[in-house]
Amino acid sequence: MIEVSHLTKRYGEKYAVQDISFDVKDGEILGFLGPNGAGKSTTMNILTGYLSSNEGTVKIDGVDVLERPLEAKKNIGYLPEQPPLYPDMTVDEYLKFVFGLKQCKLGREAHINEICGLVRIQNVRGRLIRNLSKGFKQRVGIAQALIGNPDVLILDEPTVGLDPKQIIEIRTLIKHLSRKHTVILSSHILPEVQSVCERIIIINQGQIVANGTTSELSSQLSSEHRLIARI
Ligand code: ATP
């Protein structure tokens, strides 16, 4: 479903991402783990067509994201690290706005109703986004990613800044969503990707340092990797 080949991104002389390659199979849930500054957001932004790379290719369901970003984006739901929520809109207004932006062809009311039910934001649909708790804001961020029923969901650090109860709820929601979507979960928390993901890639200083199933990596993780992941 996702093929990343020899991706490199430089800022001046500095490599944010250096020659990384990996695949994600249809229906898989992949954890993309690394400490602050490792290159996670850079990678997610390139995968979703929001940032260009210096070298390499990304294909989502066979579509080259760098060559045909508009087509590829239709099949990707993205929750960036800082989602562009509009604080003065109500949740309902915002989701209708995103629906229009994505030129979604589904029935608007039924589709938004279904998503609000799935991410459990029915009760706050009439509230201004600025007045929502961080947990509800993240749910709205996930809701906007789901508009258009994309095959691929890319979630960049979706639990950062949440309290423990909200973290558990968002992780449970992500697991639930992975039944219908191929998911990449970017995170700096090893127990988070261990509890949610089938496979884990560890990135550090722009390079992939480990790639394996969660059970393989959990038993094989060297102390160096544990340090990198800041467990
Ligand atoms: P965090 O968890 O802190 O968001 P990250 O793993 O997502 O970290 P990136 O944001 O991808 O890391 O950054 C990777 C490296 O690239 C960092 O050293 C960062 O300072 C650098 N970088 C990112 N964006 C830019 C930019 N626009 N200009 C210069 N350097 C950048």
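The rules behind these values
Residues numbered from 1 in each chain as written. Predicted model: local features only at pLDDT ≥ 70, side-chain atom pairs only at ≥ 80, totals over all residues. Heavy atoms only, no water. UniProt positions renumbered as here; feature names shortened; annotations may be inferred. pLDDT = per-residue confidence, 0-100. Helix = DSSP H or I, 4+ residues; strand = E, 2+ residues; numbered from the N terminus. Pairing = 2+ DSSP bridges. Polar contact = N/O pair within 3.5 Å; in protein donor to acceptor, adjacent residues only side chain to side chain. Contact = heavy atoms within 4.5 Å. Expected span 1.5 Å × (residues − 1). Buried < 20%, exposed > 50% of the residue type's maximum accessible area, 1.4 Å probe, protein only. Core = buried A, V, L, I, M, F, W, Y, C linked by side-chain atoms within 4.5 Å. Phe/Tyr/Trp six-rings, centres within 6.5 Å; stacked < 30°, edge-to-face > 60°. Lys NZ or Arg CZ within 6 Å of the ring centre and 35° of its normal. Near = heavy atom within 4 Å. Nonpolar A, V, L, I, M, F, W, Y, C, P; charged D, E, K, R; others polar. Axes fitted to C-alpha atoms, helices over the stretch in contact; angles between N-to-C directions. Arc of directions from axis to C-beta.

- Taking an unreviewed UniProt entry as the reference, the chain is identified by name as ABC transporter related protein belonging to Ethanoligenens harbinense.
- According to UniProt, the comment filed for the chain under the heading Sequence similarities (unreviewed entry) is "Belongs to the ABC transporter superfamily."

## Concerning the confidence of the model for the chain
Predicted coordinates in regions of low pLDDT should not be interpreted in detail.
Then, in step 1: For the chain, the average pLDDT comes to 91, and 95% of its residues sit at 70 or higher.
Then, in step 2: Averaged over each element, pLDDT in the chain is lowest for helix 9 (residues 223–228) (54) and highest for strand 7 (residues 152–156) (97).
Then, in step 3: Predicted as a complex, the structure gets a pTM of 0.91 and an ipTM equal to 0.95.

## Some points on the sheet that holds strand 4 (residues 55–60)
Then, in step 1: Across the sheet, which stays open at both edges, the 4 strands sit in the order 2-1-4-5 with antiparallel pairing between neighbours. The outermost strands of the open sheet, each flanked by one partner alone, are strand 2 (14–24) and strand 5 (63–64).
Then, in step 2: As judged from the 7 bridges shared by strand 1 (residues 2–11) and strand 2, these two strands associate in the antiparallel manner. Bridged to Y11 within strand 2 is K14.

## Description of the side chain of S187
Then, in step 1: Along the polypeptide, S187 turns up in strand 8 (residues 182–187).
Then, in step 2: Among the polar contacts listed, one links the side chain of S187 to the backbone nitrogen of I189, at a separation of 3.0 Å.
Then, in step 3: Setting aside residues up to four positions removed in sequence, S187 forms contacts with F32, L33, G34, K40, E192 and V193.

## Some words on helix 5 (residues 134–146)
Then, in step 1: Taking 1.5 Å of rise per residue, 13 residues should cover 18 Å, and helix 5 covers 19 Å from first to last C-alpha, within 8% of that figure.
Then, in step 2: Across the 13 residues that make up helix 5, a large majority, 10, are buried.
Then, in step 3: Here helix 5 has its buried residues at G135, Q138, R139, V140, G141, I142, A143, Q144, A145 and L146.
Then, in step 4: Check the buried side of helix 5 and you find it contacts strand 6 (76–79), helix 3 (91–101), helix 4 (108–118), strand 7 and helix 6 (164–177).
Then, in step 5: G148, located one to two residues past helix 5, shows a positive phi value of around 95°.

## Digging into the nonpolar core
Looking at soluble globular proteins, one finds that nonpolar side chains tend to be buried together.
Then, in step 1: Residues V91, L95, I121, V140, I142 and I174 are the most contacted members of the largest nonpolar core, which totals 42 residues.
Then, in step 2: Beyond its immediate stretch of four places on either side in the chain, I142 contacts L79, V119, I170, L173 and L177.
Then, in step 3: Membership of the second largest hydrophobic core comes to 26 residues, among which are I2, I20, V63 and V65.

## Some points on the packing of aromatic side chains
Then, in step 1: Scanning the entire structure with this criterion turns up 4 aromatic pairs.
Then, in step 2: Following the ring pairs from residue to residue traces out a cluster consisting of Y86, Y94 and F97.
Then, in step 3: Over the ring of Y50 we find K73; its NZ or CZ atom is 3.9 Å from the centre of that ring.

## Regarding the pairing of strand 4
Then, in step 1: For strand 1 and strand 4, the ladder comprises 5 bridges, and the chain directions are antiparallel. The partner of V4 across the bridge, within strand 4, is V58.
Then, in step 2: In this antiparallel pair of consecutive strands, strand 4 and strand 5, the connection spans 2 residues, and D61 shows a positive phi of 50°.

## Overview of the site of the ligand
Then, in step 1: Close to the ligand lie 13 residues; G37, K40, S41, T42 and E157 are nearest.
Then, in step 2: Class assignment of the residues belonging to the shell around the ligand gives a composition of 4 nonpolar, 5 polar and 4 charged.

## Quick look at the sheet that holds strand 3 (residues 29–33)
Then, in step 1: Read across the sheet, 6 strands follow the order 6-7-8-3-9-10 without closing on themselves; strand pairing throughout is mixed. Among the strands making up the open sheet, the edge pair consists of strand 6 and strand 10 (207–213). Pairs of neighbouring strands in the sheet enclose a mean axial angle of 15°, with direction left out of account.
Then, in step 2: For strand 3 and strand 8, the ladder comprises 5 bridges, and the chain directions are parallel. Each bridged residue has a counterpart across the sheet, and for F32 the counterpart in strand 8 is S186.
Then, in step 3: Across the sheet, helix 1 (residues 40–47) is in contact with strand 3, strand 6, strand 7, strand 8 and strand 9 (199–204); its angle to strand 8 comes to roughly 150°.

## Structural notes on helix 4
Then, in step 1: By the burial criterion, the buried members of helix 4 are H111, I112, I115 and C116. In an axial view of helix 4, the angular spread of the buried residues amounts to 130°, which keeps them on one side of the axis.

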